[in-house]
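This is what each chain is made of:
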Amino acid sequence: MSGYAELLPVAFEAVGRGAEAMRGRSPGSLTVKGDRDLASDLDFTIERELRAFLRHATPAIGFLGEEEEGCTGLAELQWVLDPIDGTANFVRGIPLCAVSLGLLHRDDAVLGVIELPFLGSRYAAARGDGASLNGQPIKASTVEDLSEAIVAIGDYAVGPDASAKNRLRLALTARLAEKAQRVRMTGSAALDLAWLAEGRIDAALTLSNHAWDMAAGVAIAREAGASVVDRDGTSHDALSAMTIAAAPALSDTLLTLLAKADSQQTSPDEIASGSY
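Residues numbered from 1 in each chain as written. Predicted model: local features only at pLDDT ≥ 70, side-chain atom pairs only at ≥ 80, totals over all residues. Heavy atoms only, no water.

Attention shifts here to the overall build of the protein. The secondary structure content of the protein amounts to 8 helices and 15 strands. Counting over 276 residues, the protein shows a buried share of 53%. Counted over contacts in the protein with a minimum sequence separation of 6, partners at least 24 positions apart contribute 62%. (Helix = DSSP H or I, 4+ residues; strand = E, 2+ residues; numbered from the N terminus. Buried < 20%, exposed > 50% of the residue type's maximum accessible area, 1.4 Å probe, protein only. Contact = heavy atoms within 4.5 Å.)

A few words now on helix H1 (residues 8–24). Relative to the 24 Å expected for 17 residues at 1.5 Å per residue, H1 spans 24 Å between its end C-alpha atoms, a close match to the ideal helical length. Along H1, the positions that sit buried rather than exposed are Leu8, Val10, Ala11, Ala14, Val15, Gly16, Gly18, Ala19, Ala21 and Met22. (Expected span 1.5 Å × (residues − 1).)

All right, on to the side chain of Thr87 then. Along the chain, the position of Thr87 falls in helix H3 (residues 87–91). For Thr87, a relative accessible area of 9% gives the class buried. Within the structure, the side chain of Thr87 is placed 2.9 Å from the side chain of Asp43, a separation counted as a polar contact. (Polar contact = N/O pair within 3.5 Å; in protein donor to acceptor, adjacent residues only side chain to side chain.)

Turning to the packing of helix H5 (residues 189–198) against helix H6 (residues 211–223), a few remarks are in order. Axis separation between H5 and H6 bottoms out at 8 Å; the angle between their running directions is 0°. By the angle between their axes, H5 is roughly parallel relative to H6. Side by side, H5 and H6 meet where Ala189, Ala190, Leu193, Leu196 and Ala197 of the first sit next to Asp213, Met214, Gly217, Val218, Ile220 and Ala221 of the second. The residue inventory of the contact of H5 with H6, partitioned by class, reads 9 nonpolar, 1 polar and 1 charged. (Axes fitted to C-alpha atoms, helices over the stretch in contact; angles between N-to-C directions. Parallel < 35°, antiparallel > 145°, perpendicular 65-115°, else oblique. Nonpolar A, V, L, I, M, F, W, Y, C, P; charged D, E, K, R; others polar.)

Rendered as structure tokens:
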């Protein structure tokens, strides 16, 4: 057992508390975070409760949450929490949402626990100890051809500069539609990475990188044998621009497809008209 694995019981307790709150409490009122993005009262409540729990249980480890951010404690080790990943799904009663808690050692994801409260699934991993689903070992897909792959892509951008950001997302989606067996958008990066680790999907592409969205899932996917890199193929960490996670044999193909999409971006109007 690695030294990081000794922190798994604390992470299990924290994530379990968050999942119980999601199952037992209403979202409450909604706070708008930019154009069409939102957080519920319960997002803030879970984050505050888990921050307090983790501060008491592991006082030497820092904490970063999505909703109130604010790093506390030592920078060497840091808990990173998304209290409800997939809030838009959660408030509509769509069960594709998660509590996601990762641990960063400097900028490297070394531990993760993701619970899908309405699907009865808890994914976990610590560096060097493999990945598990409800206590049973899991492995990522071994698909080698994109034509046989189910690929999840992250949500389209909203808010300021969304049109510019979505040029690449739309261009990549168009090219994936031509090459992959199927393209999916679940609305939860944590769920995408967990399902990649389990082998339910073969790639999870997010053209952004926020530590609270990615840390837990990156740790789990890597321990399950997936490749997780930045857009240029370098190893992914908290400072990466994007999160390109896939069955190892698909990684180079997806990076090439991304580069082609980047060089030949299609405008939203062209996508809408079908003229691309």
